[in-house]
Amino acid sequence: MALKIIGVGMGRTGTASLKVALEALGVGLCYHMTEVLKNPEYVKGWISAAEGEPDWDTIFDGYAATVDNPGCNYWRELAAHYPDAKVILTTRDANKWFESTNETIHSAEFARFMKNSPFGEMIQKTMWDRMENRMQDREHMVDFFNRHSAEIQTSIPTERLLVYQVSEGWEPLCEFLGVPVPDMEFPRINSRNETKELLAHLMAASGDQLSEDAMVKAGRELHGD
């Protein structure tokens, strides 16, 4: 199955809400970092991709779309490998994005915790290396976020790309995909505070060692908006 939709927005730009929305629209299963957390066997494929030997069709086997990390960091490669896929750039104010990530997925405490987990090598190679391990540096990360968005918008043809904020709801998304607007509220998945609480609970429950079982459980609960 070739990907139909490539979500290229960074984590914490509404990617979990977009995942749920795409699946509600009948697109098919949508990849997200939580899929990796629920399926630790996926880690090996991403490490190979980070080392320059990607097997995209195997990584995304069974999925019709991808959003969030790790895929968003390989947007050039994915857009080239799946030339018929539509591209969605979820975005938000860069400073607000930094504040959200700095309190959740990029917090110093959670980064230390993840580094020693079964997912640490994958996250290091697919995410942190690209950020130069400066996740708590506001100036660097705001520039990183803005450059990421700008490069996508100058590289992907406008007819193939939707620049989108999930606060806009169904209409622009459905128009871009050519599908009817569903008779349901647009999904709003885990706020910053909800995510902080979940991560804090995960760290407290796991102690010093993060097991695969604990991460699988968190993956079932955690989405990265």
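Keep in mind that what you see is a predicted model, and the values were worked out from it rather than measured.

Definitions and limits used
Residues numbered from 1 in each chain as written. Predicted model: local features only at pLDDT ≥ 70, side-chain atom pairs only at ≥ 80, totals over all residues. Heavy atoms only, no water. Phe/Tyr/Trp six-rings, centres within 6.5 Å; stacked < 30°, edge-to-face > 60°. Helix = DSSP H or I, 4+ residues; strand = E, 2+ residues; numbered from the N terminus. Lys NZ or Arg CZ within 6 Å of the ring centre and 35° of its normal. Contact = heavy atoms within 4.5 Å. Buried < 20%, exposed > 50% of the residue type's maximum accessible area, 1.4 Å probe, protein only. Pairing = 2+ DSSP bridges.

> Residue-level account of the packing of aromatic side chains, with values.
Per the stated rule, a full pass over the model turns up 14 aromatic pairs. Ring centres of Tyr-31 and Tyr-63 lie 4.8 Å apart, and the angle between their planes is 70°; this geometry places the pair in the edge-to-face category. Of this pair, Tyr-31 sits in strand S2 (residues 30-31) while Tyr-63 sits in the loop between helix H4 (56-59) and strand S3 (65-66), and the two are 32 residues apart along the sequence. Taken together, the ring pairs connect Tyr-31, Tyr-42, Trp-46, Trp-56, Phe-60, Tyr-63 and Tyr-74 into an aromatic cluster. Seen from the ring of Phe-176, Lys-86 lies directly overhead, with NZ or CZ sitting 5.1 Å from the centre. Sitting over the ring of Tyr-74, Arg-130 keeps its end group 4.2 Å from the ring centre.

> Outline the environment of Gly-7, listing residues and values.
Secondary-structure assignment places Gly-7 in strand S1 (residues 5-7). For the pair Gly-7 and Ala-85, spaced 78 residues apart in the sequence, the C-alpha separation amounts to 9.9 Å. Look past the residues within four positions of Gly-7 in its chain and what remains in contact with it is Thr-66, Val-67, Asp-68, Cys-72 and Ile-88.

> Got a sec to walk through helix H1 (residues 15-24)? Specific residues and values, please.
For H1, the tally of buried residues reaches seven of 10 residues, placing the bulk of the element in the interior. Taken together, the buried positions of H1 are occupied by Thr-15, Ala-16, Ser-17, Leu-18, Lys-19, Ala-21 and Leu-22. Positive backbone phi, at 85°, marks Gly-26, one or two positions downstream of H1.

> Kindly report on unusual backbone geometry, identifying the contributing residues and their values.
Following Asn-69, the chain continues into Pro-70 via a peptide bond in cis, with omega recorded as -5°. Looking at where Pro-70 falls in the secondary structure, it is placed in the loop between S3 and helix H5 (75-81). Although it is not a glycine, Asp-68 sits at a positive phi angle of roughly 70°. Among the secondary structure elements, Asp-68 is positioned in the loop between S3 and H5. Although it is not a glycine, Glu-132 adopts a positive phi angle of roughly 60°. One can find Glu-132 in the loop between helix H8 (120-128) and helix H9 (138-155). When its relative accessible area of 48% is taken as the criterion, Glu-132 is described as partly exposed.

> Could you give an account of the sheet that holds S1, naming the residues involved and the relevant values?
Strand order in the open sheet formed by five strands is S2-S3-S1-S4-S5, and the pairing between neighbours is parallel. Taken across any chain shown, the strands that pair with only one partner, and hence form the sheet edges, are S2 and strand S5 (161-164). Note that strand S4 (residues 86-90) and S5 share four bridges and pair parallel. Note on S5: the bridge partner recorded for Leu-89 is Val-163.

What is shown is where atoms sit, not what they do.
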